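Chains, contacts and geometry: an overview
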Amino acid sequence: MSTISLPLTRDSIVAAHNLIKPHIHTTPVLTNTTLSNIASTPQSPEVLKGTQWEGQEPAKPKIRLFFKAENFQKIGAFKVRGAFHAVLRLIEERGIEDVRKKGVVTHSSGNHAQALALAARTFSIPAHIVMPSISTPSKISGTRAQGAILHFSGSTAAEREAVVADVIKETGATLIPPYDHPHIMLGQGTMALEFEQEVAALLAEKPELSVHSQDCARAEKGLDALIAPCGGGGMLSGNAIYFHNSTTRVFGAEPEFQGADDARRGVAAGERVTSVKTLTIADGLRTPLGPHTWNVIANRDYVAGLYAVTEQNIKDALRLVLERMKCFVEPSAVVGLATVLYNEDFRKMVEREAGEEGWDVGLIFSGGNTTIEALVKMFGDASEERKQREEGVVDANGRRVAENVAG
């Protein structure tokens, strides 16, 4: 990877955007009255049964939602931003002929794989992609379609990195990390720049969309909060860098299944979690933070808080997006929405901080790379789980109830 890194500042993100803009889509910002109304409606005590909030008074936040639709980005995910930025900076430093001679390599569950493959093909650079063998089939085929050379590995970061090391030894290819490098982080932060500009333009035309519609000066300040999904942390840290020292607070959202909430746990403990092995349905979020992303995300001046949601929360949020917004996204894309709708700690925080006025909250649909087959299986399983909850076999988090296990 490039040895010369830009500083992690808003100005660097502006420079990154100017560099990559010819190669990416400016994705739209969507709104949805139904989902904003659901977010502003207290959860029923029945829904909270079996959760850590059982018996508590449900939160009553007032929220308007704005969605940055990166599922409409090239290759169906935000990752092209960081990939193009990293490749272009590498070409600047070493020259195109040297980069073409040695090629580039990365490891990814799918979205960064496709993104780097596209960026490399754009500049006629060989791309070696290490993918976990359990990656979503559509992401594997999408990466292969870009002309990349595929190498398969186990699912943990250590297993991926071991195969990458072998490829580098054999070819001399330059590693383009999936998330843990300043140029990747700055590239991903370009979506925050667009998000800010698009929301400002949208509210100038339709001020009634803002929770602050009666206070034009307040509405003009833009989003009160932004929530980004967090896996390796490139997107979350990039957004946090852009909105640093602004009126927009940035939060991270993770799945909690099998310890996938490593960022939240690590920040709470004051030490980065370096290994994660989880089969959460949010497959793009199965990786731990790296040293670079950790330094930003663990700093409360950049990321105001981290929240985790259950697999059922993710399925329920995904169903709402598919059915109410008519928008095709992958499970990883909706963990932020799941946080807004179902995490009472987040909802109570909004109620406490925003008071009667409420918050305009930005959410990032990080990608849409899944398949009809995967969704059919997921919601078939969800229907069975819902039946089991109604029968008392499992609790609200999908865990078997002890008294029903025997016999």
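Identification of the protein chain as Tryptophan synthase beta chain-like PALP domain-containing protein from Epicoccum nigrum is taken from an unreviewed UniProt entry. UniProt lists a comment for the protein chain under the heading Sequence similarities (unreviewed entry), and it reads "Belongs to the serine/threonine dehydratase family." Taken directly from UniProt, the Cofactor (unreviewed entry) text for the protein chain runs: "pyridoxal 5'-phosphate".

Let us look at helix α16 (residues 335–342). Within α16, eight of the eight residues are buried, which leaves the element mostly enclosed by the surrounding structure. Burial in α16 covers these residues: V335, G336, L337, A338, T339, V340, L341 and Y342.

Below, the discussion takes up the packing of helix α10 (residues 190–205) against helix α12 (residues 234–242). When two helices pack together, you describe them by how their axes are tilted relative to each other and by the distance separating the axes. Contact geometry for α10 and α12: axes closest at 7 Å, N-to-C directions at 55°. It follows from the interaxial angle that α10 and α12 lie oblique. Helix-helix and strand crossings are classified by hand; for α10 and α12 the assignment is right-handed. Judged by residue contacts, M191, A192, L193 and E196 of α10 engage M235, N239 and Y242 from α12. Looking at the contact of α10 with α12 residue by residue, the classes come out as five nonpolar, one polar and one charged.

For the rest of this paragraph, the subject is unusual backbone geometry. Non-glycine residue S124 carries a positive phi angle of around 55°. Along the chain, the position of S124 falls in the loop between α6 (111–122) and β4 (127–132). Non-glycine residue Q258 carries a positive phi angle of around 50°. Counting through the fold element by element, Q258 comes out in the loop between β8 (249–255) and α13 (262–269).

The next subject is the domain arrangement of the protein chain. Domain boundaries assigned for the protein chain yield domain 1 (29–68 + 206–364) and domain 2 (78–175). The distance between the C-alpha centroids of domain 1 and domain 2 comes to 29 Å. In this complex, domain 1 contributes 11 residues to the contact, which on the side of domain 2 involves 11 residues. Interface area, domain 1 with domain 2, both sides summed: about 770 Å², of which 51% is carbon and sulfur. Of all residues in domain 1, the largest losses of buried area upon contact with domain 2 belong to M235, K277 and D283, amounting jointly to 43% of the total for that side. Joining domain 1 to domain 2, the criterion identifies zero salt bridges. Joining domain 1 to domain 2, the criterion identifies one residue pair in polar contact (both at pLDDT 80 or more). The residue inventory of the side of domain 1 that touches domain 2, partitioned by class, reads four nonpolar, two polar and five charged.

Our next topic: the pattern of salt bridges. Between side chains of opposite charge, pairing is possible as soon as their charged atoms come close. Applying the stated criterion across every chain yields a total of 16 salt bridges. The partner of R249 in a salt bridge is E353, with the nearest N and O atoms 3.2 Å apart. Of this pair, R249 sits in strand β8 while E353 sits in helix α17 (residues 344–354), and the two are 104 residues apart along the sequence. Here R264 makes a salt bridge to D261, at a shortest N to O gap of 2.5 Å. Connected via shared salt-bridge partners are K68, E70, R81, E194 and E198.

It is worth spelling out a nonpolar patch on the surface at this point. Taken together, the side chains of I134, F257 and L279 make up a nonpolar region of the molecular surface, amounting to roughly 270 Å² of accessible area. Secondary-structure assignment places L279 in the loop between α13 and α14 (291–297). The exposure class assigned to L279 is exposed, which follows from its relative accessible area of 51%.

Time to look at the pairing of strand β9 (residues 305–309). Of all five residues that make up β9, five are buried, and the element is covered over most of its length. Side chains G305, Y307 and V309 project from β9 onto one buried face, and the interleaved L306 and A308 project onto a second face that is buried too. Two strands pair when backbone bridges link them, and β8 and β9 are joined in this way by five bridges, in the parallel orientation. Across the sheet, P255 pairs through a bridge with V309, a residue of β9.

As a further point, take the environment of I297. If you trace the backbone, I297 turns up in helix α14. Relative accessible area serves as the criterion here: at 1%, I297 is assigned to the buried category. In this structure the C-alpha to C-alpha distance between I297 and N369, which are 72 residues apart in sequence, comes to 26 Å. If we ignore the near neighbours within four places in the chain, the residues touching I297 are C230, G233, L236, S237, V267, L289, V303 and L306.

L65, L337, V340, V361 and F365 are the most contacted members of the largest nonpolar core, which totals 40 residues. Setting aside residues no more than four positions away along its own chain, V340 makes contact with A39, I63, L65, I227, F346, R347, V361 and L363. Counting residues in each nonpolar core, the second largest holds 32 residues, with F78, A192, L223 and Y242 among its members.

Moving on, we come to the environment of H112. Within the secondary structure layout, H112 lies in helix α6. In the structure, H112 is positioned 108 residues away from E220 in sequence and 34 Å away in space, judged by C-alpha atoms. Ignoring any residue separated from it by four or fewer positions in sequence, one finds H112 in contact with K79, A83, T106, H107, I176, P177, P178 and I184. A distance of 3.1 Å separates polar atoms of two side chains, one belonging to H112 and the other to T106.

What counts, and at which threshold
- Residues numbered from 1 in each chain as written.
- Predicted model: local features only at pLDDT ≥ 70, side-chain atom pairs only at ≥ 80, totals over all residues.
- Heavy atoms only, no water.
- UniProt positions renumbered as here; feature names shortened; annotations may be inferred.
- Buried < 20%, exposed > 50% of the residue type's maximum accessible area, 1.4 Å probe, protein only.
- Helix = DSSP H or I, 4+ residues; strand = E, 2+ residues; numbered from the N terminus.
- Axes fitted to C-alpha atoms, helices over the stretch in contact; angles between N-to-C directions.
- Parallel < 35°, antiparallel > 145°, perpendicular 65-115°, else oblique.
- Left-handed = near helix turned anticlockwise from the far one by under 90°.
- Contact = heavy atoms within 4.5 Å.
- Nonpolar A, V, L, I, M, F, W, Y, C, P; charged D, E, K, R; others polar.
- Domains from an automatic or database assignment.
- Buried area = accessible area lost by both parts, 1.4 Å probe.
- Salt bridge = Lys/Arg side-chain N within 4 Å of Asp/Glu carboxyl O.
- Polar contact = N/O pair within 3.5 Å; in protein donor to acceptor, adjacent residues only side chain to side chain.
- Patch = residues over 30% accessible without salt bridge, like charges linked within 9 Å, V, L, I, M, F, W, Y side chains within 5 Å.
- Areas by Shrake-Rupley, 256 points an atom, 1.4 Å probe, with all protein chains shown as cover.
- Pairing = 2+ DSSP bridges.
- Core = buried A, V, L, I, M, F, W, Y, C linked by side-chain atoms within 4.5 Å.

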